[in-house]
Amino acid sequence: MLAILVKDGKGPIDNLYLGEAPTPDPKYGQVIVKIKAFGLNRMDILQRKGNYPVPPGASDILGVEFSGTVSTLGEGVTKFKMNDEVFGIAGGGAYAEYITVQETHLFLKPSHLSWTDAASIPEVFLTAYQALVVYGEMKEGENVLVHAAASGVGIAAIQLARVRGAKTVISTASTKEKLDWLVNIPNGATNGVNYKTQNFAEEVKKITNNKGVDVVIDFVGQNHWNKNIESMAMDGRMTMLALLSGAKVSEFELTPLLYKRLRIQGSTLRSRTMAYQADLIRRFTDDFLELITGEDGQGPIKTYIHKVYSWKNIQDAHRDMEGNQTIGKLVAVVD
């Protein structure tokens, strides 16, 4: 089969190329999907550079989310049949013509979702759901702070929080364009803060009448750490999903953790067990999946795609992803 490979196993964007790889075989309980489209994620950049080891047993081909049709059924598969239209998540291997995936990690694709819409959903919405609901335990009437809010996960988290009944959803981003967009989409953020020109902790206090936020979803790490702690309400919960600004905080006052009874949870979805991921998929499906449509759909939750590429232009897609100017998902089609 054809797949997007990395020359020398790791390296810069120019090392990405379309080449030949072995076509996978299904094991017990697995399905082979002929891929129509796949989503791009920041972990793909880290993996391409050699900084993100794949989980044991996973394909070393980039990509974790995809849409397509069932082309082969492994022994023991009961949920799907040949030619079913599906989308799903895997430990790796989505930048390819075919992928092997556990049947527990597939969704039947609703007819109202396009191939590109479907491919843009699994990784970002499951990550947002885990951060907000499973770890953040967000309840109706609570205040939520979402950083990197114009990212795919950020946009998903904002909408999930609004549909779940958040009182306020405060988004941070680096440009007025991104913030204006985030507060103007249906079920978008209630407030936007430019973290480059404003102190988001002070803005949180103003917006929440000094209460603070009950849930924080952070990708930034070092630069936001102290202001995150300052922003959190009593019994606040924070889920950390990445460390974009760095992993070390030079000085940190521990007292607020004790007296505000704060809870901080780190997470990487890709490294969780297959059983955990399958349960997360089941819970998310029950709670939210039927509410999601494409950008032009009527659902209360939408998936927003910034740009669709041919997989032959994968280098351009990675350049755009590294440029940090996108709003929403980047998706590639296998053509």
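For the structure, check the block above.
The sections below set out a description of the structure shown in this document. Since the structure is predicted, the reported quantities are computational estimates derived from the model, not experimental observations.

1. Some details on the overall build of the protein chain
When you go through the protein chain residue by residue, the secondary structure sums to ten helices and 17 strands. A compact globule built from 335 residues should have a C-alpha radius of gyration of about 20 Å, and the protein chain, at 20 Å, falls within 12% of that. The buried share among the 335 residues of the protein chain stands at 54%. Approximately 14700 Å² of the protein chain is accessible, and the part contributed by carbon and sulfur atoms is 49%.

2. Some points on the layout of surface pockets
Here the largest pocket defines a volume of roughly 1300 Å³. Around the largest pocket, the lining is made up of 45 residues, and of these R42, A148, S151, F219 and L244 lie nearest the centre. Contributing elements (two or more residues each) for the lining of the largest pocket: α1 (42-48), α3 (122-135), α4 (152-163), β9 (168-173), α10 (314-323) and β17 (329-333). Tallied by class, the residues present in the lining of the largest pocket amount to 20 nonpolar, 16 polar and nine charged. When residues of the lining of the largest pocket are assigned to domains, at least three map to each of domain 1 (2-123 + 270-285 + 297-333) and domain 2 (136-266). Q30, G57, A58, S59 and T100 are the residues nearest the centre of the second largest pocket, which is lined by 31 residues in total.

3. Examining the nonpolar core
In terms of nonpolar packing, the biggest core is built from 50 residues, with F125, L132 and F284 touching the most fellow members. Where this core is concerned, the elements lending two or more residues are β5 (85-89), α3, β8 (143-146), α4, β9, α5 (176-184), β11 (213-218) and α9 (274-287). Counting residues per element, this core draws most heavily on α3, which supplies ten residues. Taken domain by domain, this core gets at least three of its residues from each of domain 1 (2-123 + 270-285 + 297-333) and domain 2 (136-266). Sequence-distant contacts of L132, that is, excluding residues within four places in its chain, are made with E137, M138, V144, A157, L160, A161, V215 and I217. In this structure, L5, V77, I99 and V101 belong to the second largest nonpolar core, which totals 34 residues.

4. Describing the packing of α3 against α9
Contact geometry for α3 and α9: axes closest at 10 Å, N-to-C directions at 85°. Accordingly, the angle class assigned to the pair α3 and α9 is roughly perpendicular. Contacts between α3 and α9 involve F125, L126, Y129, Q130, V134 and Y135 on the former and, on the latter, Y276, L280, I281, R283, F284 and D287. Considering only residue class, the contact of α3 with α9 consists of nine nonpolar, one polar and two charged.

5. Some remarks on unusual backbone geometry
Positioned with a positive phi, E137 is a non-glycine residue whose angle comes to about 50°. For E137, a relative accessible area of 36% gives the class partly exposed.

6. Describing the pattern of salt bridges
Considering all chains together, one arrives at 17 salt bridges under this definition. Here K81 ties to D84 by a salt bridge, and the two come within 3.0 Å at their closest N and O atoms. Note on D84: relative accessible area 9%, which makes it buried. Where K205 meets E230, a salt bridge forms, and the shortest distance between an N and an O atom there is 2.8 Å.

7. Some words on the packing of aromatic side chains
Going through the model one piece at a time under the given rule, you end up with eight aromatic pairs. Measuring from ring centre to ring centre gives 5.6 Å for Y129 and F284, while their planes differ by 70°; the resulting arrangement is edge-to-face. A residue pair is termed long-range when its members are at least 10 positions apart, and Y129 in helix α3 and F284 in helix α9 qualify at 155 residues. The residues Y129 and F284 share a single accessibility class, namely buried. Ring pairs connect the aromatic residues F125, Y129, F284 and F288, which therefore count as one cluster.

8. Description of empty space enclosed by the protein
A complete count under the given rule lists two cavities of 30 Å³ or more for this structure. Along its surface, the largest cavity is lined by V124, F125, G152, I155, A156, K302, T303, Y304, G328 and K329. Every element with two or more residues in the lining of the largest cavity is listed here: α3, α4 and β15 (301-303). Counting only domains with at least three residues in the lining of the largest cavity, you end up with domain 1 (2-123 + 270-285 + 297-333) and domain 2 (136-266).

9. Topic: the side chain of H147
By the secondary structure assignment, H147 is in the loop between β8 and α4. A polar contact is formed between the side chain of H147 and the side chain of T172, at a distance of 2.8 Å. Excluding anything up to four places from it in sequence, H147 contacts T172, F200, V216, I217, D218, F219, V220, H224 and N228.

Scoring rules and cut-offs
Residues numbered from 1 in each chain as written. Predicted model: local features only at pLDDT ≥ 70, side-chain atom pairs only at ≥ 80, totals over all residues. Heavy atoms only, no water. Helix = DSSP H or I, 4+ residues; strand = E, 2+ residues; numbered from the N terminus. Rg over C-alpha atoms; globule rule 2.2 N^0.38 Å. Buried < 20%, exposed > 50% of the residue type's maximum accessible area, 1.4 Å probe, protein only. Areas by Shrake-Rupley, 256 points an atom, 1.4 Å probe, with all protein chains shown as cover. 1 Å grid on protein atoms, 1.4 Å probe; cavity = no way out; pocket = protein on both sides within 12 Å on 5 of 7 lines; lining within 4 Å. Points joined across faces, edges and corners; volume = space filled by probe spheres on them. Nonpolar A, V, L, I, M, F, W, Y, C, P; charged D, E, K, R; others polar. Domains from an automatic or database assignment. Core = buried A, V, L, I, M, F, W, Y, C linked by side-chain atoms within 4.5 Å. Contact = heavy atoms within 4.5 Å. Axes fitted to C-alpha atoms, helices over the stretch in contact; angles between N-to-C directions. Parallel < 35°, antiparallel > 145°, perpendicular 65-115°, else oblique. Salt bridge = Lys/Arg side-chain N within 4 Å of Asp/Glu carboxyl O. Phe/Tyr/Trp six-rings, centres within 6.5 Å; stacked < 30°, edge-to-face > 60°. Polar contact = N/O pair within 3.5 Å; in protein donor to acceptor, adjacent residues only side chain to side chain.

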